[in-house]
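Each chain, written out:
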Amino acid sequence: MKKQQFCYLVRLQYLGFRYNGWQEQPKMRTITGMLNKTYAFLYPDKHFKILGAGRTDAKVSSLDGAFELFVDDEIKDLNSFVIDFNKNLPPDIRLLSISAVEQNFNIIKDSKTKEYCYFFSFGTKNHPFSAPFITNYMYDLNLDVMKEGAILFTGTHDFSVYTAELKANAKTIRKIDSCHIEPNTMLTANFFPEQSYVLRIKGKGFMRYQIRMIMGALVQLGKGELSLDDIRASLLSDADMVLKTIAPGSGLILNELTFTN
């Protein structure tokens, strides 16, 4: 008889600046690697498995991330679990909550929408302490045309151009629910520049580097290297454009993750 397994949805936040992404990799500091190490330290000889809602790249952060935890023994005191885990995690990772879910819950298939925010500034050099949060472009950008360009990504398009690793049979037709640039009022600090901005983009799922390449295309648009017509053409199924810019990972934050269940 198969032993009963217990499943939990864990919400967390992390600053990704010191990490080589979400996915565990040999000899690399990763978010999953740190979570695995902490669980094994707290509960030695206990079998467990961690499955993330998606992979974030190196230096990418999260304000509202999640993973599914599979264990053989029921966690009796969920509040104590969060407290004990946080005591043993490094200060740039924090568990927010844990809740039991049914065994048929699938953190990947049941995820409904993800909102990512890309923070940036331009024109003058930022305070060094801003580096983990805001990408700093040292040249002037035409913000108005970038705002026009961001809106063009809303809707259902072929995003073949907007992934660095286009695999055979990849689902490149994707729907973006909203995409726009606005002044940054979400993150504040006394060392942030006087003016900074955020690209907010929401959808069910994204390909690897898709958002960073969208941001890169908008930067090229703001520099005058691409036109609005180029952006429109890049979203067609027969597009053969090769984008030159992938925005750095450190400006990107997973802001919100919702589930169908």
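Shown above is the structure to which this text applies.
What you see is a predicted model, and the numbers here were worked out from it, not measured in a lab. (Residues numbered from 1 in each chain as written. Predicted model: local features only at pLDDT ≥ 70, side-chain atom pairs only at ≥ 80, totals over all residues. Heavy atoms only, no water.)

Engineer: Sorry, what's going on with the overall build of the chain here?
Structural biologist: For the chain, the count of helices and strands is five helices and 10 strands. For the chain, the C-alpha radius of gyration of 20 Å lies close to 18 Å, the compact-globule estimate for 261 residues. Principal-axis analysis of the C-alpha atoms gives the chain an extent of 60 × 45 × 30 Å. Looking at the chain residue by residue over its 261 residues, the buried ones come to 49%. Partitioning the contacts of the chain with sequence separation of at least 6, the portion at a separation of at least 24 is 72%. Only carbon and sulfur atoms are counted for the fraction: they give 51% of the accessible area of the chain, which is about 13,700 Å². Looking at charge distribution, the chain has the averaged site of its 31 positive side-chain charges lying 5 Å from that of its 28 negative ones. (Helix = DSSP H or I, 4+ residues; strand = E, 2+ residues; numbered from the N terminus. Rg over C-alpha atoms; globule rule 2.2 N^0.38 Å. Buried < 20%, exposed > 50% of the residue type's maximum accessible area, 1.4 Å probe, protein only. Contact = heavy atoms within 4.5 Å. Areas by Shrake-Rupley, 256 points an atom, 1.4 Å probe, with all protein chains shown as cover. Lys, Arg positive; Asp, Glu negative; His and termini not counted. Charge placed at Lys NZ, Arg CZ, Asp CG, Glu CD.)

Engineer: Would you take a moment to explain the packing of aromatic side chains for this structure?
Structural biologist: Each aromatic ring pair is summarised here by two numbers: the centre-to-centre distance and the angle between the ring planes. As enumerated under the stated definition, the model contains 19 aromatic pairs in all. Geometrically, the ring pair formed by Phe 81 and Phe 85 is tilted, given 5.2 Å between the ring centres and 35° between the ring planes. Of the two residues, Phe 81 and Phe 85 both sit in helix α2 (residues 78-88), four residues apart, roughly one turn of that helix. Ring geometry for Phe 159 and Tyr 162: centres 6.0 Å apart, planes at 70°, overall edge-to-face. The same class applies to Phe 159 and to Tyr 162, which are both buried. Members of the aromatic cluster, connected to one another through ring pairs, are Tyr 39, Tyr 43, Phe 48, Phe 81 and Phe 85. (Phe/Tyr/Trp six-rings, centres within 6.5 Å; stacked < 30°, edge-to-face > 60°.)

Engineer: Sorry if this is basic, but what is going on with the nonpolar core here?
Structural biologist: Counting 38 residues, the largest nonpolar core has Phe 153 and Tyr 162 as the members making the most contacts within it. Of all the secondary structure elements, the ones that give two or more residues to this core are β5 (111-122), α3 (143-152), β8 (173-183), β9 (197-203), α4 (210-223), α5 (228-234) and β10 (252-259). Ranked by residue count, the leading element in this core is α4, at eight residues. Tyr 162 has contacts with Phe 153, Met 207, Arg 208, Tyr 209, Gln 210, Met 213, Ile 214, Ala 217, Ile 231, Ser 234, Leu 235 and Leu 243, leaving out every residue within four places of it along the chain. Phe 6, Ile 50, Phe 67 and Phe 85 belong to the second largest nonpolar core, which has 24 residues in total. (Core = buried A, V, L, I, M, F, W, Y, C linked by side-chain atoms within 4.5 Å.)

Engineer: Would you mind showing me how to read the pairing of strand β2 (residues 48-52) here?
Structural biologist: In regular strands, side chains alternate between the two faces of the sheet. Every second residue of β2 is oriented toward a common face, the buried set being Phe 48, Ile 50 and Gly 52 and the non-buried set Lys 49 and Leu 51. Two elements, β2 and strand β3 (residues 61-71), share five bridges in a ladder whose sense is antiparallel. If you follow Gly 52 over to β3, its bridge partner there is Phe 67. (Pairing = 2+ DSSP bridges.)

Engineer: Before we go on, may I ask you to explain the pattern of salt bridges in this structure?
Structural biologist: A side chain of one charge can pair with a side chain of the opposite charge if their charged atoms are brought near each other. Under the counting rule described, the total for this entry stands at 11 salt bridges. Asp 64 is paired through a salt bridge with Arg 11; the nearest N and O atoms lie 2.9 Å apart. You can see Asp 64 sitting in strand β3 and its partner Arg 11 sitting in strand β1 (residues 6-14), a full 53 residues away along the chain. Side by side, Asp 64 and Arg 11 carry an identical accessibility label, which is buried. Two residues, Lys 223 and Glu 225, come together in a salt bridge whose shortest N-O distance is 3.2 Å. Take Glu 225: its relative accessible area is 37%, and that puts it in the partly exposed class. Connected through shared salt-bridge partners, Asp 57, Arg 208 and Arg 212 make up one network. (Salt bridge = Lys/Arg side-chain N within 4 Å of Asp/Glu carboxyl O.)

Engineer: I tried to follow the packing of helix α1 (residues 31-42) against α2 on my own but got confused; where do I start?
Structural biologist: Think of two packed helices as two axes; the pair is described by the angle between the axes and how far apart they sit. It is at 10 Å that the axes of α1 and α2 come closest, and there the two elements cross at 115°. Taken together, the axes of α1 and α2 lie roughly perpendicular to each other. For α1 against α2, the interelement crossing comes out right-handed. Mapping the contact onto sequence places Leu 35, Thr 38, Tyr 39, Phe 41 and Leu 42 in α1 and Phe 81, Asp 84, Phe 85 and Asn 88 in α2. Grouping the amino acids of the contact of α1 with α2 by side-chain chemistry returns six nonpolar, two polar and one charged. (Axes fitted to C-alpha atoms, helices over the stretch in contact; angles between N-to-C directions. Parallel < 35°, antiparallel > 145°, perpendicular 65-115°, else oblique. Left-handed = near helix turned anticlockwise from the far one by under 90°. Nonpolar A, V, L, I, M, F, W, Y, C, P; charged D, E, K, R; others polar.)

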